[in-house]
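A look at the structure
Here is what each chain is made of, one letter per residue.
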Amino acid sequence: MKVVAVENFADPTFSADLIGWQKIHGRHTLPWQNTRDAYLVWLSEIMLQQTQVSAVLGYYARFLERFPTLRDLAAAPVEDVMAQWSGLGYYTRARNLHKCAQRVAAEYDGVFPSDPVLLAELPGIGRSTAAAIAAFSSGRRAAIMDGNVKRVFARVFGIDTYPGERKTEEAMWRRAEALLPEEGIEAYTQGLMDMGATLCTRSSPSCERCPMQPRCVAFATSRTKDLPVRKPKKATPERHAVMLAIVDDGQVLLEQRPPSGIWGGLLSLPELDGHMATGEDAAPAADHDALALAVSRFGEMESYERLSTVTHGFTHYKLHIAPYRITLARRQMLAAQSHHVWLDAAALPDAALPAPVKKLLLELLGNRSAAQQRMF
């Protein structure tokens, strides 16, 4: 007869210790705390996905200044939303944010549901984010499971398999559900976030200040550097792109990217052949004829100059950008259905551009010579 091990993850002392620590040592003054406004909580949780608090603070304030309510966000053009998000990265979040606001406005009369199951069905809100929103805005008992929680659990309970592995992640979810407190869900949920962000960090964790140190398996076995188990490394693919900074009469030509994919929905520079796979560390050069042909849709090329290569890392590949500054002898009128637009150089700082493209153009403008000034 086969004996099946029964999991017993319940431990009320875990939540009690965590809640006690959070109330004294946790974070209490972040701009999205001390509120039951689900819109404010939701916005912060989406921005904080894969992004540190320090990077989010400025964006959060500016975003609320532009879209103070959910209905303001739902009614805004998606281009305005992307412009406010520009530079924060992971742009699918911004598109889903806009879609989610429209769904809540249309289906829930502008009020987020308190049920985490219903929240998880909305665009951009998964199980963990839904639980956080429900806990902070409604006091609902629901388990979160973000990167911080996985790290805390892996170390405290000595989980020595990769957290991204399905069986391991499912077991972590069962543990998270079993450890939920009967009361104080807000402080408990915030405590998990605070512990992972301020104490149980990826490198150099502050074990001497951690309330979980007496029970932490990783600390007891000197494995804080080894847990959580890292994902097996794969070589990062290298790609290149030739980008055209076409300038004329104080304006630069920009292209609206498709709504999905890399930099989806943002304005960017026209490209010669898209993001091409390469084994090189730098993007190859483009010849005169190739540039002239690519530019011919927009006008007659007068001159071009190869600028320094810009390298930008995505989560799944590294992109080497070969930018070319191109001046026109004569501009051609854009077609009515064109995805291109001429933008004044002065409007670039506020445009919905990918961070590396915006940086490239602003540096181009900020360091131009007298001859180049006449170009813009």
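Residues numbered from 1 in each chain as written. Predicted model: local features only at pLDDT ≥ 70, side-chain atom pairs only at ≥ 80, totals over all residues. Heavy atoms only, no water.

Let us now look at the pattern of salt bridges. Throughout the structure, instances matching the rule amount to 15 salt bridges. Lys-150 is the salt-bridge partner of Glu-169, the closest N and O atoms lying 3.0 Å from each other. With Glu-169 in helix 10 (residues 166–178) and Lys-150 in helix 9 (residues 147–156), this residue pair connects regions lying 19 residues apart in the sequence. By relative accessible area, which is 26% here, Glu-169 ends up partly exposed. With relative accessibility at 18%, the residue Lys-150 sits in the buried group. (Salt bridge = Lys/Arg side-chain N within 4 Å of Asp/Glu carboxyl O. Helix = DSSP H or I, 4+ residues; strand = E, 2+ residues; numbered from the N terminus. Buried < 20%, exposed > 50% of the residue type's maximum accessible area, 1.4 Å probe, protein only.)

A few words now on the nonpolar core. Counting residues in each nonpolar core, the largest one holds 98 residues, and the members touching the most others are Trp-42, Phe-112, Phe-153 and Leu-361. A domain split of this core shows at least three residues from each of domain 1 (10–221) and domain 2 (238–373). Residues in contact with Phe-153, not counting those within four places in the same chain, are Phe-14, Met-145, Gly-158, Ile-159, Met-172, Arg-175, Ala-176, Leu-179 and Leu-192. If you look at the next biggest cluster of nonpolar residues, it comprises 15 residues, including Val-242, Leu-244, Leu-291 and Met-301. (Core = buried A, V, L, I, M, F, W, Y, C linked by side-chain atoms within 4.5 Å. Domains from an automatic or database assignment. Contact = heavy atoms within 4.5 Å.)

Of the residues in the protein, 94% have a pLDDT of 70 or more, and the chain-wide mean is 91. Taken together, the stretch residues 1–6 has pLDDT below 50 and engages in zero contacts with residues farther than four places along the chain or on a different chain. Low pLDDT, under 50, characterises residues 367–376; the stretch is placed with 17 contacts to residues that sit more than four places away or in other chains. (pLDDT = per-residue confidence, 0-100.)

Their axes nearest at 9 Å, the elements helix 2 (residues 38–47) and helix 8 (residues 127–138) cross at an angle of 145°. Here helix 2 runs over helix 8; the crossing is right-handed. For the pair helix 2 and helix 8, contact is made by Ala-38, Val-41, Trp-42, Glu-45 and Ile-46 and by Thr-129, Ala-132, Ile-133, Phe-136 and Ser-137, respectively. Per-class residue counts for the contact of helix 2 with helix 8 are seven nonpolar, two polar and one charged. (Axes fitted to C-alpha atoms, helices over the stretch in contact; angles between N-to-C directions. Left-handed = near helix turned anticlockwise from the far one by under 90°. Nonpolar A, V, L, I, M, F, W, Y, C, P; charged D, E, K, R; others polar.)

For the rest of this paragraph, the subject is the state of the cysteines. Taken as a whole, this structure holds zero disulfides when the rule is applied. No disulfide involves Cys-207; its nearest neighbouring cysteine sulfur is the one of Cys-216, lying 6.3 Å away. When its relative accessible area of 17% is taken as the criterion, Cys-207 is described as buried. Take Cys-210: it sits in no disulfide, and the sulfur closest to it among the cysteines is that of Cys-200, at 6.2 Å. (Disulfide = S-S within 2.5 Å.)

Now for the pairing of strand 1 (residues 238–248). In terms of burial, strand 1 is a largely internal element, ten of the eleven residues being buried. By the bridge criterion, three bridges tie strand 1 to strand 4 (residues 276–278) in an arrangement that is antiparallel. Following the sheet pairing, His-240 is matched in strand 4 by Met-276. When strand 1 meets strand 7 (residues 318–331), the two strands line up parallel, connected through ten bridges. Across the sheet, His-240 pairs through a bridge with His-320, a residue of strand 7. Sheet topology places strand 1 next to strand 2 (residues 251–256); two bridges connect them, and they run antiparallel. Note on strand 2: the bridge partner recorded for Asp-248 is Gln-251. Between the end of strand 1 and the start of strand 2, which pair antiparallel, lie two residues, with Asp-249 showing a positive phi angle near 50°. (Pairing = 2+ DSSP bridges.)

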